[in-house]
Amino acid sequence: MRPYLLLTPGPLTTTDSVKEAMMSDWCTWDEDYNVGIVEQIRKQLVELATSRPDEYTAVLMQGSGTFCVEATLGTAVRPSDKLLVAANGAYGKRMGVIADYYHIDCDVMRFEETEAVDPARIDTYLTAHGEVTHVSVVHCETTTGVLNPLEEIASVVKRHGKVLIVDAMSSFGGVPIDMARLGIDFMISSANKCIQGVPGFGFVIARRSLLEQCGGVARSLSLDLYDQWRTMEDGHGKWRFTSPTHVVRAFMQAMAELRAEGGIEARHARYRENHDTLVEGMRSLGFRTLLPDEVQSPIITSFYYPNAEFDFKDFYTKLKERGFVIYPGKISQANTFRIGNIGDVFPEDFRRLTQAIKDIEGRKAF
Ligand SMILES: *Cc1c(COP(=O)(O)O)cnc(C)c1O
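Note that the structure is predicted; figures quoted are calculated from it, not measured.

The rules we used
- Residues numbered from 1 in each chain as written.
- Predicted model: local features only at pLDDT ≥ 70, side-chain atom pairs only at ≥ 80, totals over all residues.
- Heavy atoms only, no water.
- Pairing = 2+ DSSP bridges.
- Helix = DSSP H or I, 4+ residues; strand = E, 2+ residues; numbered from the N terminus.
- Contact = heavy atoms within 4.5 Å.
- Axes fitted to C-alpha atoms, helices over the stretch in contact; angles between N-to-C directions.
- Buried < 20%, exposed > 50% of the residue type's maximum accessible area, 1.4 Å probe, protein only.
- Polar contact = N/O pair within 3.5 Å; in protein donor to acceptor, adjacent residues only side chain to side chain.
- Near = heavy atom within 4 Å.
- Areas by Shrake-Rupley, 256 points an atom, 1.4 Å probe, with all protein chains shown as cover.
- Nonpolar A, V, L, I, M, F, W, Y, C, P; charged D, E, K, R; others polar.
- Domains from an automatic or database assignment.
- Buried area = accessible area lost by both parts, 1.4 Å probe.

### Points about the sheet that holds strand E11 (residues 300–304)
- Taken in spatial order, the 3 strands line up as E11-E14-E13 in an open sheet, and their pairing is antiparallel. With partners counted over all chains shown, the strands left at the sheet margins are E11 and strand E13 (327–328), one partner each.
- The strands that helix H11 (residues 263–284) touches are E11 and strand E14 (336–340); relative to E11, the one it contacts most, it runs at about 10 degrees.

Right, here's the structure in full:
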């Protein structure tokens, strides 16, 4: 079932048991599916995301993660509101693009891709711009692997009394987050990231009192997060349109496996060990990380090309032959490639990866 390991930020390497969970067919309108699977997932997601589950609710939405980001911005931000997006990578910028599509009044605060979002700049901006109603930020910028200081950012946004929207796509499930303690209002993630499911849907965990007020705001029918939630809430796990049933069933299995591993703290520790093993091995071979260790997440790691002659395509192909699929870089200022630390992968896999890289690159003088 595994021609190679995916060392990528999703879809990622899943267990055989998650894939096997897709072997039965479910009826999208039957209660075995709605109550037995969808409602269980919604409840468990809220419990994973917050210490005050009564104040939050979860909505699942067909599509990839971006569909959920778009659904959230398009449903939570009214035409009369103003949005501030803090962006230090492609996913932050994408929220600005979504805002443009929806004609949302939006300012994008840009940061270097190799630095974290600075809460002090958000503070200064919000002090000068009282008209802002919503602030959105990416937690782990998968573009580079920067982990933004969510706690400090949330504290500033809450002090100014703004609604806080967090794209925690690549961190939720792999990095502990307590929405209630931080004051996060909407948090977005998807099935194929740190929960280690397969791709096909995303989800939004929302402050119930705020989502309840979002009826009639959406400018898209299929991405109306409120209407999707209303149907799931009133229909006890019903989806408005055909749901990715097999993928949802696999996700329930993935959540059970997250619990069996010891929950988010334990998974975070494994990802960190994966990352540390990777970086130690790569540095021993002479590779340099793009980011300073202080802003580096345990999710995905960017490395500079080792020299001017480095041929990424060739390196990629040779690693793939040896059982590892890695990721190209995504920034313009430097030549980099990325290696993901998430999924059903372990420190031993990263030791084998380092050995494989040594075998490939060792024959060249570098
Ligand atoms: C994966 C990811 C997304 C969503 O990407 P899709 O390709 O739409 O699934 C959004 N934000 C971040 C930070 C991500 O890592």
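### Some remarks on the side chain of Thr 15
- Looking at the element boundaries, Thr 15 is found in the loop between strand E1 (5–6) and helix H1 (16–20).
- Take Thr 15: its relative accessible area is 13%, and that puts it in the buried class.
- Side chain to side chain, Thr 15 and Ser 17 meet in a polar contact 3.2 Å long.
- What Thr 15 contacts, discounting residues up to four positions off in sequence, is Arg 2, Glu 257 and Asp 344.

### Details of unusual backbone geometry
- Of note, the bond from Gly 10 into Pro 11 is cis; its omega dihedral lies within 30 degrees of zero at -5 degrees.
- Here Pro 11 is to be found in the loop between E1 and H1.
- Phi at Gln 196 is positive, roughly 70 degrees, even though this residue is not glycine.
- Here Gln 196 is to be found in the loop between strand E9 (186–190) and strand E10 (201–207).
- Among the residues examined, Gln 196 registers a relative accessible area of 5% and is labelled buried.
- Despite not being glycine, His 236 shows a phi value in the positive range, around 50 degrees.
- You can see His 236 is positioned in the loop between helix H9 (225–234) and helix H10 (245–261).

### Comments concerning the site of the ligand
- Surveying the vicinity of the ligand reveals the residues Ser 64, Gly 65, Thr 66, Tyr 91, Arg 94, Val 138, Cys 140, Thr 142, Asp 167, Met 169, Ser 170 and Lys 193.
- Contact between the ligand and Thr 66: an oxygen atom at 2.5 Å from a side-chain N or O atom of the residue.
- Out of a free accessible area of 390 Å², the ligand has 85% covered by protein chains.
- Put simply, the parts of the chain that give the shell around the ligand at least two residues each are helix H3 (65–76) and helix H4 (90–101).
- By residue class, the composition of the shell around the ligand is 4 nonpolar, 5 polar and 3 charged.

### Comments concerning the domain arrangement of the chain
- On domain assignment, one finds that the chain holds domain 1 (5–9 + 263–361) and domain 2 (17–259).
- If you average the C-alpha positions of domain 1 and of domain 2, the two centres end up 27 Å apart.
- At the junction of the two partners, domain 1 supplies 26 residues and domain 2 supplies 28 residues.
- The largest contributions to the domain 1 side of the interface with domain 2 come from Ile 264, Arg 267 and Lys 330, which together make up 29% of the buried area.
- Run the count over domain 1 and domain 2 and you get 15 residue pairs in polar contact (both at pLDDT 80 or more).
- At the level of secondary structure, the elements contributing two or more residues to the side of domain 1 that touches domain 2 comprise H11 and E11.

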